Each structure stands twice: as C-alpha cells, then as structure tokens.
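# Inside the fold
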Amino acid sequence: MSLSGCSDQLGGDGGDGGDGGDSGLDPVQDRVTVDPSEIEEGGTFRAAIGSGPDTFDFAYSSSATASILHNLIFEGMVTTSASGDIYPWLAESYEQVDVQEASPADYADYMTTVPYTETEDGAMVLDTDAQIVLEHPDNDPASGDDARVLTVEEAGDAVADGTYGMHFRFDLHEGVTFHNGNEMTADNVVESYERIRNSTLSGQYYDSMLDIQADGDYTVHLYVQEPDAAAVLELGQAPIYPSESATLPPEEMDPRQGNTPMGTGMFELDEFQAGEYVVFTAFDDYWFDTEMKDWFEGPSEFPNGPVVDEVDIAFVSEDASRSAALQEGEIDMSYGLTASTLNDYQNSEDFRTAPTDGAGYTFLQHPVTVEPFTDKRIRQAINHLIPREAIAQNIFSGWENPAWTPLPPVAAGTGTDDYEQLVEDGREYNELDRERATELIEEAIDDNGWETPIEIQLETNSDNDDRVRTVELIQESLNRSEYFEASLETYEFLDFIGQLLSEEYYDDGKFAFIGLSGGFNPHGYAKSVHSQDNFAQCCNFQNIDDDDLSQLLRDARYGVDVAQDPELRQERYNKVWERVLELSANSYGTHSTLVGVVDDTVVNGFNTYPSTQDVIGYGLFAPQDEQITYLSR
C-alpha cells in the first residue's frame, strides 16, 4: 500500500477544505511552529533515507521510500493535512454531483466477454490485456463459459447512459505549469489517470474508479463504480503529469530509462545517481499562492512555496550510517533510526526528535495456501507466540506500541465507533499466550496428522536493524515451543520487495515480515493485505482470498448508506476487524511512530508527516497545516 486515506469527504463542495477529517486531532506530537517574519530563505536541505526508489514511475512503484521522492515533484487534484482532512490542491474546488445505488450486475448490458486461462499452478485467470474495471458477480471459472467483464473501453458507455455510483466534478486552477513549461489542463489529468491502467497500482484505483473525463480545459468529471465513502481521498490524489510523461511506455518515467519525471510539484529532479543520491532544485515557476485557496487561514506573510533552494537526499541503507552522517553534520535530517539511537537524540541539545503517530504497522504474512498453515488454528497459535509487548518495550523503547488491532489510531475516526473496545477485543487474539497456542496446535495436529516440529522460514529486509531484531525475537519465541522450528533469512530491501511481488512467492511456504505504510482511510489496513485485487501487489503476497472478509469490506465502504452515514460505516468496520483477527492470515507487530530527527542548530520548523510517503515534502511546505521549514546556515 505505500498508500490509503480517510473519512467522510462527501459533505461539501471541497472549496473550503477540511472535508475528510473526523476529529481534527493532530497526530504530530509537540508540533513546532515558526514566525513567518523570521524565515530565512535559501540553502540546501540535506537528508538521508534507507533506500533509493524502485522507480520514479508512480504507477509502477510499491515502495514507500520512492513515494518520498515522488511527492517532491508530483501533485494531485487534492491533498491532505496531517490529520487526514482533504483540501483541494491542483483543483480549485470539487463537488459531489450525484450519488445513486449501483452494483456490478447493473453494468451487465455494457460488458464484454473474455476467456479464462489456466496458469501453471492450476489457477484460472482472465486472459486479456485490457484493464478490467469490474466483473459480473455470476462469473464462474469452473463453468467453462467466458467471463463477463466491464473494461475501460466500455465504461464511458455506461456513464453516458447514467449508470454509475457517484459523480464528482473537479474544477482545476488555471495557469498551473508543469516542469516543462506547459500549462496543466483537464486532458493532462485524464492522461495521467489512464497511465494507471494495468499498472502495479491498478488494483488500488480500479476497485472504485469507473471513468474519468475532461470537460473543456479546466473541468474533470470522475465517475465511481458504486457509492464509495472514501472516493475522493482514494482517487483524488493521483499525480498529474504533462503529456510527454503520461504517454511514456510502462515503467519508463525514470531517469534510468532516459526520461526525467515531471509534474507540477515544488521541486524539479536535477540529478540522480542510482543507489547513491538524488538532487532536487526548487521549481522557479511553482504555481501555488495562498490567496488562491479559500481554506488558507494563516498569516499573509506565509510563503507561497518551500523556502529552501535545493533538496539533496542520500540513499544510506544502514541505520547506523545515517545516524553517523547526522552527527557529523553531513546531513540535516533522517528518519527510521533505531529506537536506542532515538533516545540519545531526544536527550541531545543539538538535535531534535519530531515524532508523529504513524499511519502504518509491521506485519508477518502467513503462507495461507501451504500446509499446515492452511489451518487457521496454526496461524492463530503463531499469533499467540509473538511477544508484542516485549518488542515494543525492549526493541522500540516505547517509541512504538503493540498492534492489538491492525487499525492504527490515525485512521480510527472512521474505522470504528469505539477504538478502546476494539483494542481490548484484539488482545484475545494477539496477547502472548503459550498455553492457548499449545491448545490450538495440538487440536490442528490431531485433526490432520501433521508431524512436528513445523518448520517456519521467516524473512525480512536487512537494512532495518529494529525490524531484524523484531523478527529475531519472534524466531526465539517460536522456537521456545516444541512444535515449531523457525529460521531467519534477510535480504536487501529492493531484493526483498522483488521476491514478494512475484506471483510465485505464495507457493514457497515462507513468512514475510515487513511494514505497511498507509494513510487515513481504514479500508486499506485490511484490504491491502487480504484482497485478491492486491495479489502480487502491495501487499497480498501470499494469495490470501477470503470471501467473507471481501464482502465485509465492500459493505463497510460501498453503498449509498455508508457513503452518507459515517456512524454506519464505523459499525461495519467493526465487523471487518473481527473477521481479520479471526482469519489470522497476518500477524501484526507494532503500530508505527514516525520520527524525523533534525539538526536543531540548523533546521527550524520541521514536523513529521504520519506516513513515510511524504516525510520530507510535508515538512518543507504544507500550507494546509501552516507547515514550513527553513534553514539557519
């Protein structure tokens, strides 16, 4: 997911901003502010992150660290504050034009047929290169008949006849220029969304999007398959590119392919050395002005863009090396440092820790299609052997909290009607309980005749010291049981991601431990790691497929009732979390706290965004929160 979003954005025209937030609580801990009259302009902001980008081509990226770079050069029609409120951005305003009941079966008259084909492992899949928008609910691969599907080619016909779930209108700002000097128009928006078709992220957009159309130069109409309570947040933030970028072949919007990625963002890509560093320079013709935004309530002196001239980002995989570079004055900021290091920085007079309640969690994904892990009792037993409290205290020194539920606090406003009760209910499945684990294992073994010890191959990325230590603690706890024999393998981050995104990974019987960086929409914290839409994408690596959970997810997000009734949506998500915990296809470790560390003698005003994806861009310039960083150097 390296994604997701939140809340009821259906109650206004979007012109004033703020749609989408629930309680307005700021997840930034001890937010610092600056007096605009004291801002010093210029200078180079130097940072280090754990890895370079898998690609600059947003639609084909699944890396949260890559999104850090994307968000410096790309922008969407809407943006969010740190608390998840939605604000029009490249759009001057947006409005919900219409909402009506619609279901996949309602599109039957516009559907075409495509055949099924059998893969090497016997799975039946649709044999088409077209981007499928939705399938007919009566499709049956075992019937021998072709499948009925709606593709992007037929979606416009449905819209023309008035068949859709929701209709949104976005009115774009005029005079916004891309990095190549061309003006942004509605046609650019449509081309940019078309780039998502059949991409790595297609499942995250076409679970809701039906069609997008330009109306003149500055109006865009977005149509949604069914009434969707999270439509604007989930669909409105896709980056917009100039035509020469939007029409490039797949995965070629990247300097390694000879193409400079371009958008409307506050910085331009200046230099990139794969595996080493990237340099961005401030975009001289950046379009933003606070007077353009009715929702801006800050002082008139607030800048109209970032005040630093350049951003240099080094790719340094080792936490200790990033920390050393910070202490030696080679960089001004980093994040993702080990908890023990954070304690030292917290007590230092020369550095400042900037913690924010994070939008994410770590998780261990079980190979649910491989015996004996097909039996949920085995998975639940493993869950009861994960020492979450010891991980939170001994490894993270309290910087992170046990994930008794997959829903992090930052998304709780729309994801449940009683977060405290949800956490308490989650303990039943997640607390360390060796006696209960033994009972579950013995029941499953007696019923199936499996031999013990059961071998467990744990895998994670080697460049995150705290993550490796976490998995080592899990390994140790599993091996204390006579029923398991756990081992551990680590890989460089991008190599690990490459393995996880393979369509064959799920058949290997290995356990993947990694982190999910999400957003404000509760939906993604369950869907991303369970849905078939996300298989071999982020983040269903193990081919998890549960019809009951899929239906519960649909009921919580789609339909006129939940689109217009936030309380009903909360109640339905309660059932989602109950099924997620019962299924135990994933074991959740800790909820993240994202902590940026800055050189306090140089950096002024920096606050950390709750999601990794915008940890640098947000800190440098985010007028929706009156957020600005400047340098004293």
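Residues numbered from 1 in each chain as written. Predicted model: local features only at pLDDT ≥ 70, side-chain atom pairs only at ≥ 80, totals over all residues. Heavy atoms only, no water.

### Focus: the domain arrangement of the chain
Under the domain assignment used here, the chain contains domain 1 (30-73 + 265-336 + 602-631), domain 2 (76-91 + 164-254), domain 3 (103-163) and domain 4 (358-592). In total, about 1400 Å² of surface goes out of reach between domain 2 and domain 4, with carbon and sulfur atoms giving 50% of it. Of all residues in domain 2, the largest losses of buried area upon contact with domain 4 belong to Asp207, Pro227 and Ala229, amounting jointly to 35% of the total for that side. Viewed at the interface, domain 4 and domain 2 are joined by four salt bridges. Residues Glu226 and Arg554 are paired through a salt bridge, measuring 2.4 Å at the closest nitrogen-oxygen approach. Where domain 2 meets domain 4, there are seven residue pairs in polar contact (both at pLDDT 80 or more). Counting residues per element, the ones that place at least two in the side of domain 2 that touches domain 4 are α4 (202-205) and α5 (231-235). Ranked by the residues each element gives to the side of domain 2 that touches domain 4, the list is headed by α4, at three residues. (Domains from an automatic or database assignment. Buried area = accessible area lost by both parts, 1.4 Å probe. Salt bridge = Lys/Arg side-chain N within 4 Å of Asp/Glu carboxyl O. Polar contact = N/O pair within 3.5 Å; in protein donor to acceptor, adjacent residues only side chain to side chain. Helix = DSSP H or I, 4+ residues; strand = E, 2+ residues; numbered from the N terminus.)

### Overview of the sheet that holds strand β12 (residues 219-224)
Backbone-to-backbone hydrogen bonds join strands into a sheet, with any given pair of strands oriented parallel or antiparallel. Taken in spatial order, the four strands of this open sheet run β4-β10-β12-β11, and their pairing is antiparallel. The open sheet is flanked by β4 (91-99) and β11 (209-215), the only strands paired with a single partner. Taking the axes of each pair of neighbouring strands and ignoring which way they run, one obtains an average angle of 20° across the sheet. Note that strand β10 (residues 166-172) and β12 share six bridges and pair antiparallel. By the bridge assignment, Asp171 is partnered in β12 with Thr219. Lying on the sheet, helix α2 (residues 152-160) is in contact with β11 and β12; it crosses β11 at an angle near 75°. Against the sheet, helix α3 (residues 186-194) makes contact with β10, β11 and β12, and its axis sits at roughly 155° relative to β11, the strand it touches most. (Pairing = 2+ DSSP bridges. Axes fitted to C-alpha atoms, helices over the stretch in contact; angles between N-to-C directions. Contact = heavy atoms within 4.5 Å.)

### Digging into the sheet that holds strand β5 (residues 112-114)
The antiparallel open sheet is built from three strands, whose spatial order is β5-β9-β8. Bordering the open sheet on either side are β5 and β8 (132-135), each of which pairs with just one other strand. The average angle at which neighbouring strand axes cross in this sheet is 50°, direction not considered. With respect to the sheet, α2 is in contact with β5, β8 and β9 (147-151), its orientation differing from that of β9 by roughly 75°.

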